[in-house]
Amino acid sequence: MNRRFSWFNATSLTLGFAFLYLPILILVLFSFNASKLVAVWGGFSTKWYVELIHDQAFLDAAWVTLKVAVVSSTVATVLGTMAAYVLMRAGRFLGRTLFSGMIYAPLVMPDVIMGLAFLLLFISIGLDRGIFTIMLAHTTFTMCYVSVVVSSRLVTFDRSLEEAALDLGCTPFDAFRSVTLPIIAPAVISGWLLAFTLSLDDLVIASFAAGPSATTLPMKVFSSVRLGVNPEINALSTIMISIVTVGVISASLFTKRQIARARADEQAAARG
Amino acid sequence: MAQPANRPVFAPWDDPKEKPLIRFQNVTKKFGEFTAIDDITLDIFQREFFALLGPSGCGKTTLMRMLAGFETPSKGQILLDGVDQAPIPPNRRATNMMFQSYALFPHLSVWDNIAFGLRRSDMAKDQIPPRVEEMLRLTRLERFAKRKPHQISGGQRQRVALARSLAKAPKLLLLDEPLGALDKKLRQETQFELMDIQETTGTTFVIVTHDQEEAMTVASRVAVMDLGKMIQVDTPDRIYEMPNSVYVADFIGDVNIIEGAVRGQDGEKAQIVWAEGQPPINATTAAPVSAGQKVHFAIRPEKVAIATEKPEGRANVIAGKVHDIAYLGNISTYKVEVAGGKMVKAQVANERRLARRNITWDDEVWLSFTDTAGVVLLN
């Protein structure tokens, strides 16, 4: 096989990465632009970052977003894990297929429809829209993602571990708490992270579920962009990108180290 | 049978006064349309090492899982010490199970794995460490107490699983293919270890296996199962020497099965016609047979002698030609073609290292056996 770097390979690689990262690169670059004009380079400056820190509206929105993301992803993780567990474990009960289908349906449901449904629900039950309704809506739509992640872990979970726990005197709940949960914890955590990220950058559902009293960061960004792109937004986006990048890289390093360690252990065990 | 007084035979199943530890009473288990266990009645006694043997899908694992409480019988009762087990959930049964996959908790150390059940029992907190230490000593795992399951070898994992299931001193220990994942040598060592531990702890063991050699080695009694039914429940030697059916004879060890028809019976002696122009086989059977009845004659290869010259004074002598020879070191097996193209195996122990093995391929030979060497099977 020809393993050399052919022209075709080089072109596909360049194109691929250009499509992926050129927009982001430009955004990061212009966040350090001294000029107020978005498309004109006016020298290096960090003034937009300074301005951002002093913009109370942005800080408030960031705080709301963080609260919503933490609460909704936590509740969604609990509910999603429970749903996944029941669907994987309860065997064949009447309507199992229907239930599992219904859990995954929101995955493919357009956000606009979900948002509209939430809006109608909140109005009809007379719930004042605000940070609480955003939390509710986000819990609902992120729950199915958690459920998907956790149930894919449960598929490969050795059922006899739970049976062993029962056999050794655990009640079913105790078996779940002391055996199943610690073992599927990585999946539950990544489910939480996924829910957290989804909640963090959701714009559509939040716009429907939010009232005048609460604005999330994506909503704030979107509304200020409508009044013209502002270098401050670039700075904000750059910060978000760096947070996400650091998170992803450290998570993957962590996993890699875990795998390497497990492999070393297993080799040591094989040697006796 | 006369036995020395200081070594009584362990055979509670022959004693009508003995109460069984476990009693299966007409137990049937169905999964939908599929009958996994078909009306089984069986007694297992205290201190027994009982083996459930059969091919995969014969229901042996289902039977064991019913004992552990993971399945409930569709019909019939399972009694442990006379108490119906149906309403008792697995976590409150006096049985423990060693799983085929070992099912060690990967997030806990060897020590914590063994202590897991004790912490959930009513054992006093300060009693737990000494008990765990005792189990570690019993299974020679002291050095590995702090390791996680993935940091030890397969054989060690197997011992952790055993220690964990024995820690609560169950009335009954269930072992589901406990040695399946070990290589042959380790498996044989572990079989003897299992027997020692069973004897030391005095626990009743029920083992599920598809390996007949394993069942014969460890068990006090073996139950041969097929298609959800018990075919024969007996001691290993009786299972081997007195199989009650072609299935059992064929499943356990190597056997020659010769189809034939009864010519006549005189007391316990019967003649079986098996090929035209050949003298009938002289066999012994206690069961009454009638002339013309179709039977199977089963004889183990090691009970068939092979010679180049026609032996005198043997009850059965059959002429044949050597078709194949398998030299296995300790024994040689000769596959001999007899009348009607039928193959009969004869096994000879290679007692001498430098003997001339004068029988070779295509040699005309004589097979012979006594009239009590084989078994007449009626079905």
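It should be emphasised that the depicted structure is a prediction, and the values quoted were computed from it without experimental measurement. (Residues numbered from 1 in each chain as written. Chains lettered and ligands numbered in written order. Predicted model: local features only at pLDDT ≥ 70, side-chain atom pairs only at ≥ 80, totals over all residues.)

Enquirer: Explanation requested: the overall build of chain A in the structure shown.
Expert: When helices and strands are counted, chain A shows 11 helices and zero strands. Whereas a compact globule of 272 residues would reach a radius of gyration of roughly 19 Å, chain A reaches 23 Å, over 25% beyond that. Counting only C-alpha atoms, chain A reaches 70 × 65 × 35 Å along its principal axes. Taken over 272 residues, chain A has a buried fraction of 29%. (Helix = DSSP H or I, 4+ residues; strand = E, 2+ residues; numbered from the N terminus. Rg over C-alpha atoms; globule rule 2.2 N^0.38 Å. Buried ≥ 20, exposed ≤ 12 C-beta atoms within 10 Å, placed from the backbone.)

Enquirer: For this particular structure, what's the right way to read the environment of leucine 66 of chain A?
Expert: Inspection of the secondary structure assignment puts leucine 66 of chain A in helix α3 (residues 56–89). Between the C-alpha atom of leucine 66 of chain A and that of serine 45 of chain A, which follows or precedes it by 21 residues, the distance is 28 Å.

Enquirer: What exactly am I supposed to notice about the sheet that holds strand β18 (residues 343–349) of chain B here?
Expert: Consider a sheet: its strands pair through backbone hydrogen bonds, and that pairing is either parallel or antiparallel. All names here are of chain B. The strand order β15-β19-β16-β17-β18 describes an open sheet built from five strands, whose pairing is antiparallel. Edge strands, defined here as strands with exactly one partner in the open sheet, are β15 (305–307) and β18. The sheet shows a mean angle of 45° between the axes of neighbouring strands, taken without regard to direction. Pairing of β15 with strand β19 (residues 364–369) involves three bridges; the strand directions are antiparallel. Considered in β19, the bridge of alanine 305 is made with serine 368. (Pairing = 2+ DSSP bridges. Axes fitted to C-alpha atoms, helices over the stretch in contact; angles between N-to-C directions.)

Enquirer: I keep staring at the nonpolar core and nothing clicks. Help me out?
Expert: Buried together is how nonpolar side chains tend to be arranged in soluble globular proteins. In terms of nonpolar packing, the biggest core is built from 103 residues, with Ala51, Leu67, Leu174, Val206 and Phe297 of chain B touching the most fellow members. In terms of domain composition, this core takes at least three residues from each of domain 1 (12–249) and domain 2 (254–377) of chain B. If we ignore the near neighbours within four places in the chain, the residues touching phenylalanine 297 of chain B are Ile258, Gly260, Ile272, Trp274, Ile281, Ala283, Gly374 and Val376 of chain B. Core analysis: the second largest hydrophobic core is formed by 42 residues, Ala137, Val188, Ala206 and Phe208 of chain A among them. (Core = buried A, V, L, I, M, F, W, Y, C linked by C-beta atoms within 7 Å. Domains from an automatic or database assignment. Contact = placed C-beta atoms within 7 Å.)

Enquirer: Could you clarify how one ought to interpret the sheet that holds strand β14 (residues 294–299) of chain B in this entry?
Expert: Residues and elements named next belong to chain B. Pairing in this open sheet of five strands is antiparallel, and the strands run β13-β12-β11-β14-β20 from one edge to the other. Every other strand in the sheet has two partners, leaving β13 (281–284) and β20 (375–377) as the edge strands with one partner each. Each neighbouring strand pair of the sheet contributes to a mean axis angle of 45°, computed without reference to strand direction. For strand β11 (residues 256–266) and strand β12 (residues 269–273), the ladder comprises five bridges, and the chain directions are antiparallel. Counted as the bridge partner of valine 262 is isoleucine 272 from β12.

Enquirer: Help me understand the interface of chain B and chain A, please; the structure alone is not making it clear to me.
Expert: Interfaces are often described in size by the accessible area the parts lose on coming together. The interface is formed by 20 residues belonging to chain B together with 21 residues belonging to chain A. For the side of chain B that touches chain A, the secondary structure elements donating two or more residues are β6 (95–98) and α2 (110–119) of chain B.

Enquirer: Any chance you could explain the domain arrangement of chain B here in plain terms?
Expert: Residues and elements named next belong to chain B. Partitioning chain B into domains gives domain 1 (12–249) and domain 2 (254–377). The C-alpha centroid of domain 2 is placed 39 Å from the C-alpha centroid of domain 1. If you look at the interface, domain 1 gives five residues, while domain 2 gives six residues. Across the side of domain 1 that touches domain 2, the residue classes tally to four nonpolar, one polar and no charged. (Nonpolar A, V, L, I, M, F, W, Y, C, P; charged D, E, K, R; others polar.)

Enquirer: What is the right way to read the pairing of strand β3 (residues 49–53) of chain B from this model?
Expert: A regular strand places its side chains so that they alternate between the two faces of the sheet. All names here are of chain B. A large share of β3 lies buried, amounting to five of its five residues. Covered by surrounding structure in β3 are Phe49, Ala51 and Leu53 together with Phe50 and Leu52, the residues of both alternating faces. The pairing of β3 with strand β8 (residues 204–209) spans five bridges and is parallel. Directly across from alanine 51, in β8, lies its bridge partner isoleucine 207. Here four bridges tie β3 to strand β9 (residues 221–226), and the two strands are oriented parallel to one another. Residue pairing in the sheet places leucine 53 in a bridge with valine 224 of β9.

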